[in-house]
Structures are given as structure tokens and as C-alpha cells.
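Architecture and fold: a report
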Amino acid sequence: MKRMNQTTMRRLISIGMLLILVVLFTILAGAGKGKFFNFDNLIEVVRDASIPAIIGVGVTFIIITAGIDLSTGSMMALVGMTMANIYAYTLLPFSVMMLAGILVGLLCGLCNGIIVAKFNVPEFIGTLATMSIFRALTYIIAIRDANGVIKSQPMNHSQYTWLGTGIGKFYYVIIAMIIIVAAGQITLKYTRFGTNLYSVGASKKAATLSGIDVAKTRLIAYVITGFTVAIGAIFTTARLQSATTAIGMDFEFNPIAAAVVGGVALSGGSGDVIGTLIGALFMATLENGVRKLSINTAYQYVIKGAIIIAVVIFDATYKARMDRKAREEGAKEGLE
Amino acid sequence: MAGNTLIEAKGIYKSFSGVPVLQDVHFEVKAGEVHALMGENGAGKSTLIKIITGVYTKDDGQIYWEGKPVEINSYQDCQKLGVACIYQELSVIPPLTVAQNVYLGREPRKGPFIDYAKMNQMTQELIDKYQFPLKPTTVVDNLGIGQRQLIEILKGLSQDSKLLIMDEPTASLSGKEAEMLFKIIQKLRSEGVSIIYISHRLEEVYMLSDRLTILRDGKNAAVLEKEDIIPAKVIETMIGKVVDESAGSRKMLHSDDNAEVRLDVKNLTDKTDRYRNISFQVHRGEILGLGGLIGAGRTEVVRAIYGVDKAASGEVWLDGKKLNPSPKASILEGIGFVPEDRRNQGFIPLLSTTKNVALTNYDIVKINGTSISDADELAMSKRAIEAIDIRPSDPNKQVGVMSGGNQQKVVLGKWLMRDLKLLIVDEPTAGIDVGAKDEIYSILEDLAKQGVAVIVVTSDLQELLRVSHRIIVMRKGDIVKEFKNVEVTQSKVLSAGQGVEEEAE
């Protein structure tokens, strides 16, 4: 008899969790206009999930290498504020403004990568430090009024804000998310770089012995995250039609949470981008449902945190059990 | 079949900080042979292999590959020649498939994408050629340790390796997995692949190898052809005839059966079958030596007695009282435990002698109001330092910077502060210099004189004979032999551990 492999099993579990949540909210909040289960609301959920999912692609790459990035929220603010400066003080075309934003994202990712992969600063503390630095830089370059007080910079030119809309209800951010998630999944599963990410996460020693450049692989994962953060920043500012220093505050939790719920193990070496997408949809559904049930939003954070702890505990015990089973069965079967 | 010389190491010398580890060693492997390498712990096997694989640099000597002199300065160098090392500590990547692991870092590509069809087909061809029980598309997560090891072998073969080095490959395999590996080894040999097979297990060496090189004390002791690989002879060669006759390697054991039983272990059985139905007793004032090969289950048994790991079934009685083993209960009952992995489990390197000694003794250190009495803590560590001459004698010295012998004394010292009934020491003198070894032996002997029951687990035969009053030998999780009130030699202990019946002398 063939046993289902752990990855497939974990995928079914995260899809199941998402479906249970949808059914639960449909029962509690009801179906129909203005309620939880209707097309308009569900597409809102997907829209809300898009930016965590886009940035989640990069963060997934990093977590697969057994790393972490706590700086994505601050990085998003810095990219947004860079673009706001170009918007406010230059007449450069919007395409150049966006390219500059992407460049800042790549540079931030490169900084993280160098700190973590070249200087071997532990990921957690390295990106915690850059989280602080990127946020501070955002304040430093923030647009100020005549009295020197930081103000929100409107970015409401229609040649830019169209990005915050869509073709009818199919928001461009959703389309971008689908493209980036697909590209991420293909990179992960069908290129050497993708395989290298898994190898580095599972065993740096084995990866090195197989001739894989561990430092380079980790560095590229951080640079890719910088790119996805920049894309996220562009869609966020286009939707808000402004840039503020508060953009992305506490955001870094979201892509990490999405990845964890979607089955990307924090210990590295497993999970994929589709899993993170499911995780992002789960978190967005949770937020939306809690809103529709008019529950105090503070509870949302309690629920989110509790779910993550539960998932990590489940993964650890489940994995230990499955590994033991696999070893035992492997020792028995297929040897004749 | 065995043909020309594939690799030859001539006149190899290596020493570490002045201590010679290899002296004028000669080692040769022919094409298509399984060449076993044996020797007691510290005979120089792993040093020799590390020189061949470029991990260590030799002090003198020359290595020849297919007759030509070569320099091997890194593992990559030896890979390029066609040598693959199958690591004990497996280095496969669990989330990837068999084929992805075999071609890791060398995946065939079509444009930017991995050509999975081709990669799986190439892997299948290798699997078919050597008849491995594997499928290219299976995710490694779902495989047992034996199969994971085969992936490593396959990886070596995919790089056209002509020589595979296997270091204790059966150490973590089940019986069935080991049988599969033996079949594969025979298949590889018939395909002309050479194998260096390092093992403590004589029966495997006996069954598999074409030739056997034995090292003793860093020198060549013998190279035996297949027909000369006779267990008794191998053991004699490993120990050395001369040595076996000498004082340190034979001993008349004396133990007193009438002494009161302190520890009584009844039918101790492991959850994962690493030991089963272990029953023995240790008497007041007796030092019991626990011998056997590495992996025989000795450490697991003593850990279960102390209660670090739980046994599945069985009972532990101390002074007529049934225990429910856990470290805390054991300490309170008067059991001391000196673990095998001193640095990670024996003491806290960053703490001082005082704190390390006090660590297991806070129940007997005086309390001033709500805080521990520093003075009493200090007095205790001074007593320990005095009693067993710990150096440096500064009680505030960090234990991490002390010599191995003194670190071990700190570990022992904390137990001496208690009213001990039983002391368990696992490999008490590993990595400790000769002088300190003697001091540790006399500490153990003093304890025994005071009536403490002592269990010594050791792989060092000389040590086993030196300290034990009685010896039991374990093999593959069972007690196979007890030496009591008889004359025992290193060969006899080793033979029992190997499962070799010694011929009547």
C-alpha cells in the first residue's frame, strides 16, 4: 500500500482549514449581500490576501532556507516613501518612480542578504535591526509640511491610482499576485535555484558537499523578497492613493503567518508558495469574518496568534510522528 | 574481480600536537575489492580515512591513485579522483526526491528548467544497473534510514566513483536493512567498484571483505587475505599478542557475592529495542565493568537506570527499594551519573567550579532567608576541590577553560558531595591524559571502598580490566557474557563483544 507523502497530506490539511473557516463564517455571518458568503465579499478577501501572498513568495523562499525576515513591513514603508518623494518633488514619469521603488526594495533585500548570509548575523536579529533601520529611514525622508511636521503625501494621480483598481472586480493586485505566485512556484519546483533553497534549509552541510553555494542561495532569497516587497508597496500606495510613515506597521507578521499556516516549516526545507497562498487566504478570511461578525478587532490578533502557535505545535508533533513512521515502515518494506 | 591497485597510501605519518597517531602506515585497495579496515578505538582508522579524503593533511608519506602520485587537499579533490564517502551522519535532503538528491547541484537542465524526465531516467538507469530497491520519484521523507544510505551510495556512483568509503554503515540499520546493504555491496564489487569498509563488527567484515587491514596503535598490525580472516586471529592481531600477555591486559577478577546488593536491575527493555531483558545486580563496594562494542546498548541501559530516558518495561531497585527512575528522583535516592558526552551533558562550561558543583546539590546547600548561601556554596566547592585535587584550585574558575581531566573531576566532584549509593560513569576517561586517568581510577576505587556501587561503561579494554571487579559484556542489546572471579584478558572481552566463541586455549 502506498502511503500519502507528508507534503500532500499537509496541503490537504491547510485547504481543509481554509474551507472549515469559510463554512464556519457562512453559518455564523450568513450568506447574501452584505454578509460573509457572497461574490463581492469573497473577492475582497482575495484582494486582502494578495499583498501578504505576493510578499509571502519571497518570505517563503527565505523560510525554506531556514531563515526569517522581520523587516518586510518597514521595507514596504521605505519603498513607499521613496516613491512619494519622487511623486512630490520631480516630474519623472510614474514608470520611473516605480522602477526606483523596485530598486530600493532590491537594495534593502541585498542589505539583509549581506548581513545574514555573508556576515552570518543570525537572521532574527539581523532583520530585526534592519526593520528598525528601514522604518527610521522612512521617517528621515518623510515629506513634511511648511512647519516641518510629517504629513501624508497624496499620490492620487489617475495614471498611478489605476493600479489600485481592476477590471471590474478583478483587481490588478489579484492578477499580479497570481502571476508572482505562479512564477514563485515554478522557480521553486523547476529550477536549480529552487532545489538549492530546499537543500540549504534541510542541511547546509549536505548542500555544501553537493557543491551548492549556500551563502549565495540565501542572499538571492533576501533580494527576491526585496523585490516582492516593492511590488507590495506599489499596490498598497496606489490603493491608499497616498504614502505615510505608518505603511506596513506590524505587517511583517502577515507573510510569515501565511507561510506557517500554509505548511512552510520554520525549521526550513519544506513547504511551497502555493501553501503560503492558502495561508494568506486563511488569514484574510479570518480577518474578514471577524469583521463581519462585528467582533472587537482586538480579538482578531488573539485568534491569529493562537492559530499560529497551534499550527507550529501540530507541525512539530505531526512531523516527528510521520518521520518515525516512515523510518519504521522504510525499515520493513521495499527491502526484499 | 580484484585487479590492479586503485589507491595506495605509503609511509603515512600523522601526529596531533606531538602525539603520533599514524606511523609509517601502508594501506592499499585494489580495484573491485571490499577492503575492511579494523582496529581498536584510537588505532588510527578514522585519521587514515580523513587523510585519504582530504580532511586532514598528512605529515609525511605519499598517496597514489591508479599508480600515479596525487595530492588530496580537500574533499573536492578526492571526489574528483572518484572517491565517495558515505557519511554516517546522513546528508540527504528529506523534502527532495531520490533523483533530486542523487543529482543535487548537477541537475540536467532544459533552458532554465530542470529536466526532470531526463534526471529520473538517468537515476532509474543507475538503480537498474546496481539493483537498488528505490524509485527515482519517491520523496526521501518517506524512506527508512537504510534506503537513505543507499541514496548516498547512488550519488557516489552517479559521479562515476570507483571507491566508496563506508564508515560503520550498519550502525543505525535494522537487521533487514543491513542484509540489503550487504547484497548491494556484493553487487557493487561485481561491477568493479572498490569499497573501504570500516566496522567494529567482525562478523560483517568476515562475511563481506576480500582483504582486511588491521591497525594497532597507529601502525600496521596486519593485512589479511580472505582465507586468513579468522575471528580469533583478527582479535589477537587487534589486541596484539605481546600486549595480551602483559600485565595491563589480563587480570584476575575478584568480587564478593555475599556483599549486600545495592542495585538490582530486572528485565529492563527499551521502547525502540536498543536493549532488552537486561537484568543484573551491583553489590556494595563493587565496581562493575560494562563492556561491549559501541552501539551495543550500554549507554542506553545506564541512561534508563538513571532515568534520563524511560525504559518500556522492567524494574530498577536500589537498596531494596523500587525506583521510578527520573534524574531528580535518582539524585535524591543517591545515584550519581557521569555522562558520556562530558562537554554537552556533564557540566556547564560557562559556569565556575562552585556553580557546577552546587548544581545537583541545591537541596543540601544552606539557604539564607530566601537566597542561597554563597558561603555554603563556596565551602562545598572547596571541599570538592580539596578532596580530589581539582586544578586550578580557584573555585571561581570557569570550568570550560580547564583541562579535560579536571573538567571530569568537577563532574565527579559534585556527586562526591552527596551521600552516594550508586555511581554510574560512562566513558569516564575519554580524551583525558594518562595522569588524570589514574587519578580518576583511584577516585572510583575510593568510592567503592566506602561502599558505593559503581558501574563503569567503557570501550577502552585496558580501562575495563583495570577498574572492574566484575565484568558483563553486552552485544546488540543483550547481555552475552559475565566474567566473575576468573582470569580475564582483553581478547576474551573483545571476543564476547564480537560474538566470537573463543577456542579453548
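Being a predicted model, the structure only gives us computed values, none of them experimental. (Residues numbered from 1 in each chain as written. Chains lettered and ligands numbered in written order. Predicted model: local features only at pLDDT ≥ 70, side-chain atom pairs only at ≥ 80, totals over all residues.)

When helices and strands are counted, chain B shows 18 helices and 26 strands. A compact globule built from 505 residues would reach a C-alpha radius of gyration of about 23 Å, and chain B, at 26 Å, matches this within 12%. Each principal axis of the C-alpha distribution contributes one length, and for chain B these read about 75 × 60 × 45 Å. Across the 505 residues that make up chain B, the buried fraction comes to 46%. Taking the contacts inside chain B whose residues are at least 6 apart along the sequence as the reference set, 69% of them involve residues at least 24 apart. (Helix = DSSP H or I, 4+ residues; strand = E, 2+ residues; numbered from the N terminus. Rg over C-alpha atoms; globule rule 2.2 N^0.38 Å. Buried ≥ 20, exposed ≤ 12 C-beta atoms within 10 Å, placed from the backbone. Contact = placed C-beta atoms within 7 Å.)

A few words on the interface of chain B and chain A. Taken together, the contact pairs 28 residues of chain B with 27 residues of chain A. Elements with a minimum of two residues in the side of chain B that touches chain A: β8 (113–114), α5 (145–158) and α6 (175–190) of chain B. Across the side of chain B that touches chain A, the residue classes tally to 15 nonpolar, 8 polar and 5 charged. (Nonpolar A, V, L, I, M, F, W, Y, C, P; charged D, E, K, R; others polar.)

Turning our attention to the domain arrangement of chain B. Residues and elements named next belong to chain B. Domains assigned within chain B are domain 1 (5–244) and domain 2 (248–498). Of note, the centres of domain 1 and domain 2, computed from C-alpha atoms alone, are 36 Å apart. Opposite the 11 residues of domain 1 that make contact, domain 2 presents 12 residues. Those elements that place two or more of their residues in the side of domain 1 that touches domain 2 are α8 (231–239) and α9 (241–245). Here the side of domain 1 that touches domain 2 gets 4 residues from one element, more than from any other, and that element is α8. For the side of domain 1 that touches domain 2, the per-class residue count stands at 6 nonpolar, 2 polar and 3 charged. (Domains from an automatic or database assignment.)

To continue, consider the sheet that holds strand β4 (residues 60–65) of chain B. All names here are of chain B. Reading across the sheet, the 4 strands line up as β2-β1-β4-β5 and stay open at both edges, with antiparallel pairing between neighbours. This sheet does not close on itself; its edge strands, each paired only once, are β2 (19–30) and β5 (68–70). Within this sheet the neighbouring strands show an average axis-to-axis angle of 25 degrees, counted without direction. The pairing of β4 with β5 spans 3 bridges and is antiparallel. Each bridged residue has a counterpart across the sheet, and for Ile-63 the counterpart in β5 is Val-70. (Pairing = 2+ DSSP bridges. Axes fitted to C-alpha atoms, helices over the stretch in contact; angles between N-to-C directions.)

Once that is clear, we can look at the packing of helix α3 (residues 72–89) of chain A against helix α5 (residues 123–140) of chain A. All names here are of chain A. Two elements in contact, α3 and α5, have axes separated by 8 Å at closest approach and are oriented at 25 degrees. Our classification of the angle between α3 and α5 gives roughly parallel. Considering the relative orientation of α3 and α5, their crossing is left-handed. Between α3 and α5, the residues in contact are Ser-74, Met-75, Ala-77, Leu-78 and Met-81 and Met-131, Phe-134, Arg-135, Leu-137 and Thr-138, respectively. Residue composition of the contact of α3 with α5, grouped by class: 7 nonpolar, 2 polar and 1 charged. (Parallel < 35°, antiparallel > 145°, perpendicular 65-115°, else oblique. Left-handed = near helix turned anticlockwise from the far one by under 90°.)

What follows is about the sheet that holds strand β16 (residues 287–292) of chain B. All names here are of chain B. Across the sheet, which stays open at both edges, the 6 strands sit in the order β19-β22-β23-β16-β24-β25 with mixed pairing between neighbours. Here the strands that pair on one side only, and so sit at the sheet edges, are β19 (335–338) and β25 (478–483). In this sheet, neighbouring strand axes are inclined to one another by 20 degrees on average, regardless of whether the strands run parallel or antiparallel. Sheet topology places strand β22 (residues 422–426) next to strand β23 (residues 453–457); 5 bridges connect them, and they run parallel. In the sheet register, Leu-422 faces β23, and the bridge partner there is Ala-453. Contacts from helix α10 (residues 298–306) reach β16, β19, β22, β23 and β24 (470–475), with the element oriented near 150 degrees to β22.

The next point concerns the nonpolar core. Grouped together as the largest cluster of nonpolar side chains are 218 residues, with contacts concentrated most on Ile-424, Leu-444 and Val-454 of chain B. Leaving out residues up to four positions away in the same chain, Val-454 of chain B has contacts with Ile-287, Leu-288, Leu-423, Leu-444, Leu-447 and Ala-448 of chain B. (Core = buried A, V, L, I, M, F, W, Y, C linked by C-beta atoms within 7 Å.)

It is worth spelling out helix α1 (residues 6–29) of chain A at this point. All names here are of chain A. Compared with the 34 Å implied by 1.5 Å per residue over 24 residues, the 34 Å span of α1 between its first and last C-alpha is a close match. Buried within α1 are the following residues: Gln-6, Arg-10, Ser-14, Phe-25 and Ala-29. Note on α1: the residue one or two positions beyond its end, Gly-30, has a positive phi of about 85 degrees. (Expected span 1.5 Å × (residues − 1).)

Let's shift gears to the pairing of strand β10 (residues 194–198) of chain B. All names here are of chain B. Most of β10 is tucked away: 5 of the 5 residues are buried. What you see with β10 is no split at all: Ser-194, Ile-196 and Ile-198 on one side and Ile-195 and Tyr-197 on the other are buried throughout. Pairing of strand β3 (residues 34–38) with β10 involves 4 bridges; the strand directions are parallel. Bridge assignment links Leu-37 to a residue of β10, and that residue is Ile-198. With 5 bridges connecting them, strand β9 (residues 163–167) and β10 associate as parallel partners. Looking across to β10, one finds that Ile-165 is bridged to Ile-196. Each parallel crossover has a hand, and the one from β9 via α6 to β10 is right-handed. (Right-handed = clockwise from strand over helix to strand, strands pointing away.)

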